[in-house]
Amino acid sequence: MKKARVLLLALLVVATSCESELTNEFDIGQKPAKINIKGFSAPDAVEIRFDGKPVIINDNSFYSQNIETTLNFVLDKGEKNPLVIYNHETGTQIASYEITYDNSADYEDFYFFSLPDIFLQVNAVKPKINLGKVGFEFLFANLGEFSGTELESVKGVLKRENGAVLATFENIGKDDFSEFKIYNFFSNTAPVFLELYKPGTTEPYTGSSPIKVQIIQTYGVNMIVLQEKQENGTVVVKGDIDIADYL
């Protein structure tokens, strides 16, 4: 009986020791984290630095086209770990983020596009489409930058030159591409126009004049990035960037 009690005590000590090792693998003020990076850069290459150190991908410290890697690390509570992206050719900082103990989950999947004159933190997947169809989806990358609107999204109505409606997009926002709308292809040369309104209305999303964006229609998939710009003191919206060209 005495031997049984000794054996039981020994087992409890071993179990407690194992549990203690697991508990102390990371201090209370630490936790493991990771960032799955999936990006694209063209035509310039970019460099990524995490916590001041270059991120090496396939033995390179700079990269272009498709960029993919995973960072595994330990976060200390109260510490800031900067994730910074630079243009390799010019050395210019393109984007910067502070990864912390409290916000690391927000960056576990990090998607980006680095293109001439624009950087997008967005996941883009090219939709499939049948032959003879045209499809559109939109992203309003800098909504409010020049107009000052506090709207998170706008409504878009895509029309032919004669005013016929091709598709309506109820929510075109800043963070993700809108729903994908499809119509029958009708011309290689005829333009299409996107009119922008406050959500659920027929009022221009900013100002009082109609806001109309001429879009070059491409056969197949069109993933258009809208941008507010200022021309001669007037806010205009352009839709010159098609992410589908890079996918």
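Everything discussed here concerns the structure shown above.
What counts, and at which threshold
Residues numbered from 1 in each chain as written. Predicted model: local features only at pLDDT ≥ 70, side-chain atom pairs only at ≥ 80, totals over all residues. Heavy atoms only, no water. Pairing = 2+ DSSP bridges. Helix = DSSP H or I, 4+ residues; strand = E, 2+ residues; numbered from the N terminus. Axes fitted to C-alpha atoms, helices over the stretch in contact; angles between N-to-C directions. Contact = heavy atoms within 4.5 Å. Polar contact = N/O pair within 3.5 Å; in protein donor to acceptor, adjacent residues only side chain to side chain. Phe/Tyr/Trp six-rings, centres within 6.5 Å; stacked < 30°, edge-to-face > 60°. Buried < 20%, exposed > 50% of the residue type's maximum accessible area, 1.4 Å probe, protein only. Lys NZ or Arg CZ within 6 Å of the ring centre and 35° of its normal.

1. Description of the pairing of strand 1 (residues 30–50)
A regular strand carries its side chains on alternate faces of the sheet.
Step number 1: Where strand 1 and strand 3 (residues 63–76) come together, 13 bridges link them in antiparallel fashion. The residue of strand 3 that forms the bridge with Gln-30 is Asp-76.
Step number 2: Where strand 1 meets strand 2 (residues 53–54), two bridges bridge the pair, whose relative direction is antiparallel. From the neighbouring strand, Phe-50 faces strand 2, where its bridge partner is Lys-53.
Step number 3: Hairpin remark: strand 1 followed by strand 2, antiparallel, with two residues in the connecting loop; positive phi at Asp-51, about 55°.

2. Some details on the sheet that holds strand 13 (residues 212–215)
Step number 1: If you trace the four strands from one edge of the open sheet to the other, you get 10-9-12-13, paired in antiparallel fashion. Of all strands in the sheet, those bounded by a partner on one side alone are strand 10 (165–173) and strand 13. Ignoring strand direction, the axes of neighbouring strands in this sheet form an average angle of 25°.
Step number 2: Pairing geometry for strand 9 (residues 153–160) and strand 10, over six bridges, is antiparallel. Opposite Lys-159, over in strand 10, you have Val-165 as the bridge partner.

3. Describing the sheet that holds strand 15 (residues 234–242)
Step number 1: Spatial strand order, 11-8-14-15: four strands in an open sheet with mixed pairing. Two strands in the sheet have a free side with no partner beyond their single neighbour: strand 11 (181–184) and strand 15. On average, each strand axis in the sheet is inclined to that of its neighbour by 30°, with strand direction left out of account.
Step number 2: For strand 8 (residues 133–140) and strand 14 (residues 220–231), the ladder comprises seven bridges, and the chain directions are parallel. Opposite Phe-140, over in strand 14, you have Leu-226 as the bridge partner.

4. What to know about the environment of Thr-149
Step number 1: Here Thr-149 lies in the loop between strand 8 and strand 9.
Step number 2: Along the backbone, Thr-149 and Thr-206 are 57 residues apart, and their C-alpha atoms lie at a distance of 6.7 Å.
Step number 3: Thr-149 has contacts with Leu-143, Gly-144, Tyr-205 and Glu-228, leaving out every residue within four places of it along the chain.
Step number 4: Looking at Thr-149, its side chain comes within polar contact range of the main-chain nitrogen of Leu-151, at 3.2 Å.

5. Notes on the packing of aromatic side chains
Step number 1: Within the structure shown, the criterion is met by 13 aromatic pairs.
Step number 2: Look at Phe-110 and Phe-112: their rings are 6.0 Å apart centre to centre, the planes differ by 45°, and that puts the pair in the tilted class.
Step number 3: Judged by relative accessible area, which is 1%, Phe-110 ranks as buried.
Step number 4: Here the aromatic cluster, defined as three or more aromatic residues joined through ring pairs, consists of Tyr-97, Tyr-107, Phe-110, Phe-112 and Phe-119.
Step number 5: A cation over an aromatic ring shows up here: Lys-31 above the ring of Tyr-101, its NZ or CZ 4.6 Å from the ring centre.

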